[in-house]
Amino acid sequence: MQEMAPNTGLYNPEGEQEMNVIFLGPPGAGKGTVAAVVKEEFSLEHISTGDMLRSEIKAGTALGLSAKEFIDAGKLVPTSVIIDMVAGRLAQAHAGLLFDGFPRTVEQAVALEGIADIDVVVELDVPEDVVVERICSRRVCAECGKVYSTLTYDGETCEGCGAPLVVRADDCEVTARKRFTVYKEETEPLSTYYESRGLLKKVDGTLPMEEVRANVVALFKEIAK
Ligand code: AMP
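All values derive from a computational prediction rather than experimental measurement.

How each quantity is defined
Residues numbered from 1 in each chain as written. Predicted model: local features only at pLDDT ≥ 70, side-chain atom pairs only at ≥ 80, totals over all residues. Heavy atoms only, no water. Helix = DSSP H or I, 4+ residues; strand = E, 2+ residues; numbered from the N terminus. Rg over C-alpha atoms; globule rule 2.2 N^0.38 Å. Buried < 20%, exposed > 50% of the residue type's maximum accessible area, 1.4 Å probe, protein only. Areas by Shrake-Rupley, 256 points an atom, 1.4 Å probe, with all protein chains shown as cover. Lys, Arg positive; Asp, Glu negative; His and termini not counted. Charge placed at Lys NZ, Arg CZ, Asp CG, Glu CD. Expected span 1.5 Å × (residues − 1). Contact = heavy atoms within 4.5 Å. Pairing = 2+ DSSP bridges. Near = heavy atom within 4 Å. Polar contact = N/O pair within 3.5 Å; in protein donor to acceptor, adjacent residues only side chain to side chain. Nonpolar A, V, L, I, M, F, W, Y, C, P; charged D, E, K, R; others polar.

## Some remarks on the overall build of the chain
So, step 1. When its secondary structure is counted, the chain shows 9 helices and 8 strands.
So, step 2. Taking 225 residues into account, the globule formula puts the C-alpha radius of gyration at 17 Å, and the chain, at 17 Å, falls close to it.
So, step 3. By its C-alpha atoms, the chain is 45 × 40 × 35 Å across when sized along the principal axes.
So, step 4. The burial tally for the chain puts 44% of its 225 residues in the buried class.
So, step 5. For the chain, the exposed surface amounts to about 11200 Å²; the carbon and sulfur share of it is 52%.
So, step 6. Side-chain charges in the chain split into 23 positive and 37 negative, and the spacing between the mean points of these groups amounts to 3 Å.

## A look at helix 4 (residues 79-90)
So, step 1. The end-to-end C-alpha distance of helix 4, which contains 12 residues, comes to 16 Å, matching closely the 16 Å that a straight helix rising 1.5 Å per residue would cover.
So, step 2. Within helix 4, burial applies to Thr79, Ile82, Ile83, Met85, Val86, Ala87, Gly88 and Leu90.
So, step 3. Of the surrounding secondary structure, the elements contacted by the buried residues of helix 4 are strand 2 (45-48), helix 2 (49-59), helix 3 (62-72), strand 3 (97-100) and helix 5 (106-113).

## Structural notes on the sheet that holds strand 6 (residues 147-149)
So, step 1. Pairing is antiparallel across the open sheet formed by 3 strands, whose spatial order is 6-5-7. Pairing within the sheet leaves two strands with one partner each, and these edge strands are strand 6 and strand 7 (165-166).
So, step 2. Where strand 5 (residues 138-141) and strand 6 come together, 3 bridges link them in antiparallel fashion. Bridge assignment links Arg139 to a residue of strand 6, and that residue is Tyr148.

## A few points about the site of the ligand
So, step 1. Not every one of the 16 residues close to the ligand is listed here, only the nearest: Thr49, Arg54, Lys75, Gly101 and Gln108.
So, step 2. Here a nitrogen atom of the ligand and a backbone polar atom of Val77 are 3.0 Å apart.
So, step 3. Contact distances for the ligand include 3.4 Å between an oxygen atom and a side-chain N or O atom of Arg168.
So, step 4. When the ligand is considered free in solution it has 480 Å² of accessible area, and contact with the protein chains removes 96% of it.
So, step 5. Element by element, the count of residues in the shell around the ligand is highest for helix 2, at 4 residues.
So, step 6. Among the residues forming the shell around the ligand, the class breakdown is 6 nonpolar, 4 polar and 6 charged.

Shown next as structure tokens:
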């Protein structure tokens, strides 16, 4: 694993407080969608391990090839691979990090402690049937990665860049349920882990996106005081 200095960086050069944040929640909880709408406002760098893995797959790298079989089966990619990838990414990042889909196990959370100080963990609470329905109706832009839902958008191309919308290979019902089970077994213990450290804040992820966004923004403002 790569060695690097801890990313504490609680203050930017302008003296405003910056936060390092984790979005926790099952696949399909809306972590990426909420991240996309709050990152600008709080100058956060969005670190999505799922997006990073999909880029590696698209680029046909050895890492991508080995990760693909885990992803397509709805399983977690081995932690050593993930930590190396995240450490490499953080070597080019500044404080104000928004982790989405990482950490996913207590082992990863412990490894993250040596890399970055976390100010708040936001858990998006959404039950299984809701996430499965959301995952099965998810479409993503093949070029820019913007996420759509067939429940709210019936176009076949991205409104932003015009590229075709595609279904992620792991977004079928069987894999979605498998990913939810993996979440319950391996990732949900992080809820207790961060609660015991006084970092956990729960947000109802079944609310309309604008309300989820508003609740997360209010929470961040409270933390940044
Ligand atoms: P996501 O886009 O976050 O839903 O991630 C898609 C898939 O990538 C997951 O189902 C895992 O196979 C893999 N993955 C993403 N992040 C991690 C992680 N932190 N640890 C292990 N596997 C991951």
